[in-house]
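# Reading the structure
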Amino acid sequence: MLKVTRLSKHFHIGGNLLGRGKSTLRAVHDVSFEVAAGQTLGLVGESGCGKSTLGRAVLRLHEPTSGTVELDGRPVTGIDAKALHARRREMQIIFQDPYASLNPRRTILDTLMEPLDLHNISAPSERRARVEKLIEIVGLRKQALSRYPHEFSGGQRQRIGIARALTLQPKFIVADEAVSALDVSVQAQVLNLIRELQDEFGIAFLFISHDLAVVQHISHQVGVMYLGQMVELAEAETLFAQPRHPYTRALMSAVPVPDPHTESQRIVLSGDVPSPLSPPSGCPFHTRCPDAMPRCKEQEPDNHNCGTPEQAHWVRCHLYAPEQVGLQSSQDAHA
Amino acid sequence: MSEPLLKVRDLQVEFHTDKGVARALDGISFDVMPGETLGIVGESGCGKSVTSLAILGLIPSPPGRIVGGQILFQGQDLLSLSEREMRKVRGRDIAMIFQEPMTALDPVFTIATQMGEVLRRHQGLTRKQARQSAIDWLARVGIPSPERRIDDYPHQLSGGMRQRVMIAMALSCEPKLIIADEPTTALDVTIQAQVLEQIVKLSQDLGTAMMLITHDLGVVAQTCHRACVMYCGKLIEQSATGPLFAAPAHPYTAGLLASVPRIRTQRLDSLPTIAGTVPDLLHLPRGCRFVERCGQAIDLCHSAHPPLQVDEHSGHELACYNPVQGEAR
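Reading guide: rules and limits
Residues numbered from 1 in each chain as written. Chains lettered and ligands numbered in written order. Predicted model: local features only at pLDDT ≥ 70, side-chain atom pairs only at ≥ 80, totals over all residues. Helix = DSSP H or I, 4+ residues; strand = E, 2+ residues; numbered from the N terminus. Rg over C-alpha atoms; globule rule 2.2 N^0.38 Å. Buried ≥ 20, exposed ≤ 12 C-beta atoms within 10 Å, placed from the backbone. Contact = placed C-beta atoms within 7 Å. Pairing = 2+ DSSP bridges. Axes fitted to C-alpha atoms, helices over the stretch in contact; angles between N-to-C directions. Nonpolar A, V, L, I, M, F, W, Y, C, P; charged D, E, K, R; others polar. Parallel < 35°, antiparallel > 145°, perpendicular 65-115°, else oblique. Left-handed = near helix turned anticlockwise from the far one by under 90°.

### Brief notes about the overall build of chain A
Scanning chain A from terminus to terminus reveals 11 helices and 12 strands. Rg of the C-alpha trace for chain A: 22 Å, near the compact-globule value of 20 Å for 335 residues, within the 12% margin. The C-alpha extent of chain A, read off along each of the three principal axes, is 75 × 60 × 40 Å. The buried share of chain A, taken over its 335 residues, is 45%. A separation of at least 24 residues holds for 63% of the contacts in chain A among residues at least 6 apart in sequence.

The following block contains the structure:
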């Protein structure tokens, strides 16, 4: 459904009038992935890793610096504004903060009708019926339509955000930290709703979150980002059962488990995430990596497939380079 | 058994709003023993932060008001102290760590100035001693090259570093009790792991008691000896962490634990949820506050709020007429 190829988004920061002294921030660098209809790709990573920028670049809310995006076999990148406007119907976004993303001075009806009016979809007389049906799908009552955003709780507002994303019957939705602001009991309700809607409408999701457990719950595939790069990408089950990249392993071990009896083998990373303005040379993770080798400092690793050709498990790490893997297995044989 | 360091008894706090009086805390009682880490968990609006503010005498008034109860710290009722006396307790005997270190640190002063002020005021150190002591503390919380970092302004530090500075500042006067309100919520998981480890280790080394206020059950499970679960201004369950997570007795605690997504080997089709939402404090249901969302409410639950009852044998406290039983536990 969605095919993203070698997408990059670089920001140019600072500099004088003539553009001298500008520095480049590689927010997203050389990222490729695909999402099938009815599937969810979960995107995890810490603050500043570029996951939100990636989500926006895919929708062209940020203009990508290079790379291509295709939806349903047709390009989204490289088309003019008018063509893009038409294509926007097929792709929607759900934001983190439902307070900030709903206009406080408009009723829910106005908010939900707007996209239908803008894209001139169905006869005006039918629009209201359509919106009424939608609000019931997301689990609110029809009466909610005449009310204003402040009259709803956070969870209800997020349901409205989801309803808005659904008005145009999109094929693809980016959910950017869509449940992060919600309390756990409500979060679980909204997560279940997203899964039900996906099953019903066959929507492809790019689900961005910092919370690994949430991502695992909702995703078919999971991508892990670090400093603008996708360091690991695999089927959700494989990734959580056998994380390969040292960063993914550390990230997973750092999640607090609500069970006092599990003594987790925590890999505590030293230091902070480096500034994306001056990323380390070679592999961006080498400064914090417990398994760093000399070459990690110098050479940027390629993507290596640790899975099978049918079920790819991409890891961007020197540990999985063919020569390194050969070396390790010969060492193992030696031992 | 030793005397509790902090005894909170029947604490009641009200907030006056345009729409009426909201009872944010309705008769909360608990103890903190010397050297122990007590977790206080609950969702937004349950009163966990109000509890910490009340102990520190920081409830904004108006609109807030402590209308009843006692807060006994080492036998002394903090509610009877004047603002001047309270100021001596805060920082020296009871220190606090807030969620957002950027707002808790003053942006226009360097770390040296801010930490120095605390040390000079409470420990009576000279300027030079205070600086040295501050550097030592920064080193202890794991800040690299503290002798340079100490002259930085808060904006020059990352979120994790800022939170470490807050911890260093809180610990520097060697308080007897630290109140940490969502200390790692704003941090990324890998940084959260570092910071939590640091807080736990240092408070153990110093024998400091800690009240850890959080919405994250995972954090509680990994750091606290005991935990109190709060709902809508009431304490509904209290127990040692082990039994609480293994066999939650209150339907809310059980529901909350079940609805936390966790990394599992098998993906679930859907997460268990708690129906409905937290009621508005101005329009609380009659009887138990959880009754409208509870799957196993009996008639009695609709008419009266269950009292908090203590199991003498295990020390487990529970406010529920129809708790989760045997098998399900």
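### A word on the environment of Thr248(A)
Residue and element names in this part refer to chain A. Locating Thr248 in the fold gives a position in helix α9 (residues 246-254). For the pair formed by Thr248 and Asp30, sequence separation is 218 residues and the distance between their alpha carbons is 19 Å. Those residues in contact with Thr248, other than ones at most four positions away along the chain, are Val224, Val231, Glu232 and Pro243.

### Regarding the environment of Pro63(B)
All names here are of chain B. Tracing the sequence through the fold places Pro63 in the loop between α1 (48-55) and β4 (64-73). Assessed through the 13 C-beta atoms surrounding it within 10 Å, Pro63 is described here as partly exposed. Taking the C-alpha atoms as reference, Pro63 lies 9.5 Å from Val21; in sequence the two are 42 residues apart. Beyond its immediate stretch of four places on either side in the chain, Pro63 contacts Phe15, His16 and Thr17.

### So, the sheet that holds strand β8 (residues 209-214) of chain B
Residue and element names in this part refer to chain B. On the basis of which strands lie adjacent, the open sheet formed by eight strands has the order β6-β7-β8-β3-β9-β10-β12-β11 and mixed pairing. Lying at the two open borders of the sheet, with one neighbouring strand each, are β6 (94-97) and β11 (309-310). Bridging between β6 and strand β7 (residues 177-181) involves four bridges; their strand directions are parallel. Of the residues in β7, the one forming a bridge with Ala95 is Ile178. Across the sheet, helix α7 (residues 159-171) touches β6 and β7, and the angle it forms with β6 is around 175°.

### Here we look at the interface of chain A and chain B
Contacts between the two partners involve 37 residues from chain A and, on the opposite side, 40 residues from chain B. For the side of chain A that touches chain B, the secondary-structure elements that each account for two or more residues are α6 (184-201), α7 (212-218), α8 (236-241) and α9 of chain A. Sorting elements by how many residues they give to the side of chain A that touches chain B places α6(A) first, with eight residues. The class makeup of the residues in the side of chain A that touches chain B is 21 nonpolar, nine polar and seven charged.

### Describing the packing of helix α4 (residues 111-123) of chain B against α7(B)
A pair of packed helices is captured by two measures, namely the crossing angle of their axes and the spacing between those axes. Residues and elements named next belong to chain B. Taken N-terminus to C-terminus, the directions of α4 and α7 make an angle of 20°; their axes are 9 Å apart at the nearest point. Compared by their axis directions, α4 and α7 come out roughly parallel. Both α4 and α7 take part in a crossing whose hand is right-handed. Here Ile111, Gln114, Met115 and Val118 of α4 come into contact with α7, specifically with Val165, Ala168 and Met169. Tallied by class, the residues present in the contact of α4 with α7 amount to six nonpolar, one polar and no charged.

### Focus on unusual backbone geometry
Residues and elements named next belong to chain A. Positive phi values are uncommon outside glycine, yet Arg6 reaches one of about 45°. Checked against the element boundaries, Arg6 lands in strand β1 (residues 2-13). Judged by local crowding, Arg6 falls into the exposed class, with 12 C-beta atoms found within 10 Å. In the Ramachandran plot, Arg60 falls in the positive-phi region, its phi being about 60° despite a non-glycine side chain. As for its placement among the helices and strands, Arg60 is situated in the loop between α1 (51-58) and β4 (66-71). Judged by the 17 C-beta atoms lying within 10 Å of it, Arg60 is partly exposed.

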